[in-house]
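# An overview of the molecular structure
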Amino acid sequence: MYIFKGKKDLKSHLSSLSDSKKIVGFVPTMGALHQGHLALVSESLQKTDFTVVSIFVNPTQFDKKEDLEKYPNTISKDIEMLQSRGCHAVYIPSTEDIYDEHVHSESFNFDGLDQEMEGKFRAGHFDGVGTVVKKLFEIVQPNFAFFGEKDFQQLQIIKKLTVIENINTVIVGCPIFREKDGLAMSSRNMRLTEKQRKNAAFIYKTLQKVKANYESLSLEELKTFVKNSFEKSDLFELEYFTIADEQTLKPISSKSEAKNPRAFIAVFADTIRLIDNISLQD
Ligand code: AMP
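Residues numbered from 1 in each chain as written. Predicted model: local features only at pLDDT ≥ 70, side-chain atom pairs only at ≥ 80, totals over all residues. Heavy atoms only, no water.

## Digging into the overall build of the chain
Regarding its fold elements, the chain presents 11 helices and 9 strands. For the chain, the C-alpha radius of gyration of 19 Å lies close to 19 Å, the compact-globule estimate for 282 residues. Across its three principal axes, the chain shows a C-alpha extent of roughly 60 × 40 × 35 Å. For the chain, the residues scored as buried account for 53% of the 282 residues in total. Counting only contacts in the chain whose residues sit at least 6 apart along the sequence, the fraction spanning at least 24 positions is 73%. Within the structure as shown, the chain displays about 13800 Å² of accessible surface, and the carbon and sulfur contribution to it stands at 48%. (Helix = DSSP H or I, 4+ residues; strand = E, 2+ residues; numbered from the N terminus. Rg over C-alpha atoms; globule rule 2.2 N^0.38 Å. Buried < 20%, exposed > 50% of the residue type's maximum accessible area, 1.4 Å probe, protein only. Contact = heavy atoms within 4.5 Å. Areas by Shrake-Rupley, 256 points an atom, 1.4 Å probe, with all protein chains shown as cover.)

Written as structure tokens, this is what we have:
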């Protein structure tokens, strides 16, 4: 596996590939890799000829300095995992390699997609994500890029980014990879205490109950059910729960209105923020 620390070397390697018409797949990550990331890598390996993974903890998408500083770093293990999965290249840039001296975000018009859910609680987050993904796409120029449904709002925003920026990359959404007990895999899970981790499947179990009761309960009753469930928990605090349309990401006000309803949740375990979602279609 090639390891690139600078965009110049990566670009020159990739340009020799495009001469030979190889299809390039790209998986952007922030490292601390787990099986969820590797599922995206496998998808790329299946669909493309040459898979590039980036590992870059992007400063402009963090609204809280503490979250950025505490973001886990397991770089040697990450490299081993990618190598054993058969990944072709990993790009591990410095902040300077991506941003030069200008570490700030571009402002995008994502047609309101960034105003919902995460956007309400993480100021500037999606401008930061859009900025770094646009820069990474300019460097890698992938034919396909793979994003997890774990960050469903991000996935929809990246699809929008390719439209508004005329980017010629096909965005492939991949299902959420879960721990055995149902907890959505996340780099942040390793920061949970033993007790929090043991109980964290509660988040997904609550979503599953919402799905099971979607036909029989009203939207208000479903929201109250989730609110009450979290009020009873002394480990997890609900930040938001919403049922929204998958395309617009706007909360639905009636079930008949939503073609593709999906439930979204954000929860705090102390200072650790966890998100999850579930499709409410059959
Ligand atoms: P991150 O390193 O958290 O920025 O994630 C990099 C990519 O991996 C994003 O497209 C995420 O949506 C995706 N991802 C993270 N966790 C999971 C998971 N449990 N299942 C599927 N994809 C995931």
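## Let's talk about the nonpolar core
One finds Val52 and Phe137 to be the most contacted residues of the largest nonpolar core, which totals 40 residues. The dominant element in this core, judged by the number of residues it contributes, is helix H7 (residues 125-140), at 8 residues. Residues contacting Val52, with those up to four places away along its chain left out, are Leu10, Leu14, Val24, Gly25, Phe26, Val27, Ala89, Tyr91 and Val140. Residues Ala200, Ile243, Val267 and Leu280 belong to the second largest nonpolar core, which totals 26 residues. (Core = buried A, V, L, I, M, F, W, Y, C linked by side-chain atoms within 4.5 Å.)

## Considerations on the site of the ligand
Surrounding the ligand, one finds 17 residues, the nearest of these being His37, Gly148, Asp151, Phe177 and Met185. Between an oxygen atom of the ligand and a side-chain N or O atom of His37, the distance comes to 2.9 Å. Contacts to the ligand include Met185, whose backbone N or O atom sits 2.8 Å from a nitrogen atom. In isolation the ligand has 490 Å² of accessible area, and contact with the protein removes 93% of it. (Near = heavy atom within 4 Å. Polar contact = N/O pair within 3.5 Å; in protein donor to acceptor, adjacent residues only side chain to side chain.)

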